[in-house]
Amino acid sequence: MEEFASCEDFANYFVGVVLGDGDLYHDAKRGYRVRVTDASADYLRVLNAYLERCFGIKGRIYKHKKYSAYHLVIWRKELYELIVRRTNVLLEEPTSAFVAGIIDAEGGVNKTRNGLYRLYVTNTDKRLIDAVAKVLNSLAIKYYLVSERRRYRIYVHGIDRINRLLSSIPSIHPKIRDKFSSFFSPLLSSAPVSADRVIAP
């Protein structure tokens, strides 16, 4: 799946991204802030392009002062409230787009020393991991759930299962799609989304 089917799907995806690797902030003087942090400035530019096309909202991207990462910062009450309003609903009834956002924010793909290919998602909030599990169950994709101290992690093992998952959700982060494609490019027919290929509202 190369692009979002609608701006509704992107909105659900963005909520997943913010819950996974972002934060909300409200200050009586400065207003309402939504922030997403990521190692890829290109990925944040894609998010920004979708926000502008779907909601007429454009954030700013800043380099992190200490780490090799970037912030996408949006000061907009409407976006803040959209995320707050949808959070509980999506945690109870997660959509594939919402879970794609969680995976893109908190997931990865790698190969173990034993040659096992796996996709994983890690978070300290078990509600997010449970949301991922619900969608995996709906897709009949086997997974493993482990508790690591105060973190929870889901693993999806094997080429076929990972391919089925990525073929069923609108994951767009290069650390997921490009990494998997570099292992098994013949198995994925879809390409990562670029900032100039966003959908119309």
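Residue indices begin from 1 for each chain and proceed along its sequence in written order. Side-chain atom pairs in this predicted model are given and counted only at pLDDT of 80 or more, local residue features only at pLDDT of at least 70, and totals for whole chains, interfaces and linings cover all residues. The basis for every side-chain value is the complete set of heavy atoms in the structure, and neither hydrogens nor water enter the calculation.

Quick look at unusual backbone geometry
Point 1. One non-glycine residue, Ala140, adopts positive backbone phi at about 55 degrees.
Point 2. Strands here mean DSSP runs of E at least two residues long; helices mean DSSP runs of H or I at least four residues long; both are numbered from the N terminus. Here Ala140 is to be found in the loop between helix H5 (126–138) and strand E7 (144–148).
Point 3. At Arg149, a position not held by glycine, the phi torsion is positive, near 60 degrees.

Things to note about the state of the cysteines
Point 1. A pair of cysteine sulfur atoms is labelled a disulfide when the two atoms are within 2.5 Å. One pass over the full model with this rule turns up one disulfide.
Point 2. Linked covalently through their sulfurs, Cys7 and Cys54 form a disulfide whose S-S length is 2.2 Å. Negative torsions about the S-S bond denote left-handed disulfides, and the value of about -80 degrees found for Cys7 with Cys54 makes this one left-handed. Separated by 47 residues along the polypeptide, Cys7 in helix H1 (residues 7–21) and Cys54 in helix H2 (residues 41–55) bring together distant segments of the chain.
Point 3. Residue burial is assigned from relative accessible area. The probe radius is 1.4 Å, only protein chains are included, and a residue is buried under 20% of its type maximum, exposed over 50%, and partly exposed in between. When its relative accessible area of 13% is taken as the criterion, Cys7 is described as buried.
Point 4. Given the relative accessible area of 12%, Cys54 is considered buried.

Describing the confidence of the model for the protein
Point 1. Averaged over every residue, the pLDDT of the protein is 90; residues scoring 70 or more account for 90%.
Point 2. Scored between 0 and 100, pLDDT is the confidence that the predictor attaches to each residue. Only heavy atoms enter the contact rule, under which two residues are in contact if any of them lie within 4.5 Å. pLDDT under 50 marks residues 186–197. Its contacts with residues more than four places away, or in other chains, come to 26 contacts.

Thoughts on the packing of aromatic side chains
Point 1. Pairing of aromatic side chains requires ring centres within 6.5 Å, counting the rings of Phe and Tyr and the six-membered ring of Trp. Pairs whose planes differ by under 30 degrees are stacked, by over 60 edge-to-face, and all others tilted. For the structure shown, the criterion picks out nine aromatic pairs.
Point 2. Consider the rings of Phe10 and Phe55, whose centres lie 6.4 Å apart with planes at 35 degrees: the pair is tilted. Of this pair, Phe10 sits in helix H1 while Phe55 is found in helix H2, placing the two residues 45 residues apart along the sequence.
Point 3. A network of ring pairs unites the aromatic residues Phe4, Phe10, Tyr13, Phe14, Tyr50 and Phe55 as a single cluster.
Point 4. A positively charged side chain is recorded as over a ring if its NZ (Lys) or CZ (Arg) lies within 6 Å of the ring centre. The angle to the ring normal must also be within 35 degrees. Taking the ring centre of Tyr70 as reference, the NZ or CZ of Lys63 above it sits at 5.6 Å.

Some words on helix H4 (residues 96–106)
Helical periodicity: at 3.6 residues per turn, an α-helix aligns residues three or four positions apart in one direction.
Point 1. Of all 11 residues making up H4, nine are buried, and the element is well covered by its neighbours.
Point 2. Taken residue by residue, H4 has Ala97, Phe98, Val99, Ala100, Gly101, Ile102, Ile103, Asp104 and Ala105 as its buried positions.

A word on the sheet that holds E7
Point 1. At least two DSSP bridges between two strands are required for those strands to pair. Read across the open sheet, the four strands follow the order E5-E6-E8-E7; overall the sheet is antiparallel. Since the sheet does not close on itself, it has two edges, and those belong to strand E5 (107–111) and E7, each with one partner. When strand polarity is set aside, the average angle formed by the axes of neighbouring strands in this sheet is 25 degrees.
Point 2. In this structure, E7 lies alongside strand E8 (residues 151–157), joined through five bridges in antiparallel fashion. Bridge pairing in E8 places Ser147 opposite Tyr152.
Point 3. Note on definitions: angles span 0 to 180 degrees between N-to-C directions of axes, and those axes are lines fitted to C-alpha atoms, for helices only across the stretch in contact. Together, strand E6 (117–123), E7 and E8 form the strand contacts of H5, whose direction differs from that of E8 by roughly 20 degrees.

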